[in-house]
Amino acid sequence: MIRVIKKIDEWKQLRNSEFFIDKKIGFVPTMGALHEAHASLIRKSWNENDITVVSIFINPTQFYDPDDFINYPITYDEDLKILNDESVDYLFYPEYQSLYPDNYKYKIVETEFSKILCGASRPGHFDGVLSVVMKLFNIIRPHKAYFGEKDYQQLKLIEGMVKAFFMDLKIIACPIVRAENGLALSSRNKRLSNNSQITASEFPLLLKQNLSVDQIKIQLEEKGFKVDYITELNGRRFGAVYLNNVRLIDNVEI
């Protein structure tokens, strides 16, 4: 049975105990609303470490749109079942005041890559992401942390932060997990109706097509998407779209 830790001091006391000596710790930070993609990260951690820790914290500092934060799905009971089914050892489940006693006066800022792609239309988003991940790394003190390639820009920024600050852990990149219709699994998919799920599956299909960026944009708009960006960078094609006010992101190798 998973042990739920809500207090930072409780975790620190446990982390410093004899039980953790010589144990390898894998960490999967999440915002809850767990699905098969999260489970795949957990399984990889479970196979590579002695102890696996998952965190659930819906981080308000990374939401540019307040409505997106308010509407983010909260599925704690279902999440706990998944974590137990996947034999996770610990769930770290902190409150806002615990993680932000300074009320976000201090933050981590990256000045280049965070300003393009998703960062161009969501100012401050990656400041919030990097700040909360830095806090979680400092609290949990894992040996490895697991992130999916769906959020590729986030992954690369976290890798860069760990290198820049000489942090003693390894970031493990994990492949995108997709539904049968090709849509990258995301917690936000829960906000799509059945009909919208069908339409949304056109997004990854078009990203993979041998078409120009402009052609893909036009076809997406014709199918009812609002396009934030379609961009090619460093051998990958990145896209972000809105469908019925739900933001979807994806990327493919080209």
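Our subject is the structure that appears above.
Residues numbered from 1 in each chain as written. Predicted model: local features only at pLDDT ≥ 70, side-chain atom pairs only at ≥ 80, totals over all residues. Heavy atoms only, no water.

Visitor: Is there a simple way to explain the sheet that holds strand E3 (residues 51-56) in this structure?
Guide: The strands making up a sheet associate through hydrogen bonds between their backbones, and the pairing can be parallel or antiparallel. If you trace the 6 strands from one edge of the open sheet to the other, you get E1-E4-E3-E2-E5-E6, paired in parallel fashion. The open sheet has two edge strands, strand E1 (3-5) and strand E6 (170-174), and neither has a second partner. If you compare each strand with its neighbour and ignore which way they point, the axes differ by 25 degrees on average. On top of the sheet, helix H1 (residues 8-15) reaches E1, strand E2 (25-30), E3 and strand E4 (90-92); it is set at about 125 degrees to E1, its chief contact. Strand contacts of helix H8 (residues 152-164): strand E5 (144-148) and E6, with the helix running at about 165 degrees to E6, the strand carrying the most contacts. (Pairing = 2+ DSSP bridges. Helix = DSSP H or I, 4+ residues; strand = E, 2+ residues; numbered from the N terminus. Axes fitted to C-alpha atoms, helices over the stretch in contact; angles between N-to-C directions. Contact = heavy atoms within 4.5 Å.)

Visitor: Help me out: how do you make sense of the side chain of Ser196 in this one?
Guide: By secondary structure assignment, the location of Ser196 is in helix H9 (residues 194-200). Among the polar contacts listed, one links the side chain of Ser196 to the side chain of Ser193, at a separation of 3.0 Å. There is a polar contact of 2.6 Å between the side chain of Ser196 and the side chain of Asn244. Those residues in contact with Ser196 that lie beyond four places of it in its chain are Leu243 and Asn244. (Polar contact = N/O pair within 3.5 Å; in protein donor to acceptor, adjacent residues only side chain to side chain.)

Visitor: What should I look at first to understand the layout of surface pockets in this one?
Guide: What the largest pocket holds in volume is close to 280 Å³. Lining the largest pocket are 14 residues, with Asp65, Asp68, Tyr242, Asn245 and Arg247 sitting closest to its centre. Elements supplying a minimum of two residues to the lining of the largest pocket: helix H3 (66-70) and strand E9 (246-253). Of the residues belonging to the lining of the largest pocket, the class tally is 3 nonpolar, 3 polar and 8 charged. Its boundaries defined by the atoms lining it, the second largest pocket holds a volume of some 220 Å³. Around the second largest pocket, the lining comprises 16 residues; the ones closest to its centre are Ile56, Phe57, Ile58, Ile74 and Tyr93. Going through the elements one at a time, H3 and helix H4 (76-85) are the ones with two or more residues in the lining of the second largest pocket. (1 Å grid on protein atoms, 1.4 Å probe; cavity = no way out; pocket = protein on both sides within 12 Å on 5 of 7 lines; lining within 4 Å. Points joined across faces, edges and corners; volume = space filled by probe spheres on them. Nonpolar A, V, L, I, M, F, W, Y, C, P; charged D, E, K, R; others polar.)

Visitor: How should I be thinking about the environment of Arg188 in this particular structure?
Guide: When you line up the elements, Arg188 lands in the loop between E6 and H9. A relative accessible area of 16% places Arg188 in the buried class. Taking the C-alpha atoms as reference points, Arg188 and Ala33, 155 residues apart in sequence, are found 8.5 Å from one another. In this structure the side chain of Arg188 is engaged in a polar contact, spanning 3.0 Å, whose partner is the side chain of Asp68. (Buried < 20%, exposed > 50% of the residue type's maximum accessible area, 1.4 Å probe, protein only.)

Visitor: I would appreciate a short explanation of the nonpolar core in the present structure.
Guide: Generally speaking, nonpolar side chains in soluble globular proteins are found buried as a group. Trp11, Phe137, Ile158 and Ile171 are the most contacted members of the largest nonpolar core, which has 43 residues in total. For this core, the secondary-structure elements that each account for two or more residues are H1, E2, E3, E4, helix H7 (125-140), E5, H8 and strand E8 (236-243). Element by element, the count of residues in this core is highest for H7, at 10 residues. Beyond its immediate chain neighbours, meaning those up to four positions away, Ile171 contacts Phe137, Ala145, Phe147, Leu155, Ile158, Glu159 and Val162. Leu192, Leu207, Leu220 and Val241 belong to the second largest nonpolar core, which has 17 residues in total. (Core = buried A, V, L, I, M, F, W, Y, C linked by side-chain atoms within 4.5 Å.)

Visitor: I would appreciate a short explanation of the sheet that holds strand E7 (residues 226-233) in the present structure.
Guide: Spatially, E7-E8-E9 is the arrangement adopted by the 3 strands of the open sheet, whose pairing is antiparallel. Strand pairing shows two members of the sheet lacking a second neighbour, E7 and E9, which therefore form its edges. Each strand of the sheet is rotated relative to its neighbour by a mean of 10 degrees, with strand direction disregarded. Bridge count between E8 and E9: 8 bridges; the pairing is antiparallel. Bridging across to E9, Phe238 finds its partner in Asn251. Of the strands in this sheet, E7 and E8 are in contact with helix H11 (residues 213-222), which crosses E7 at around 160 degrees.

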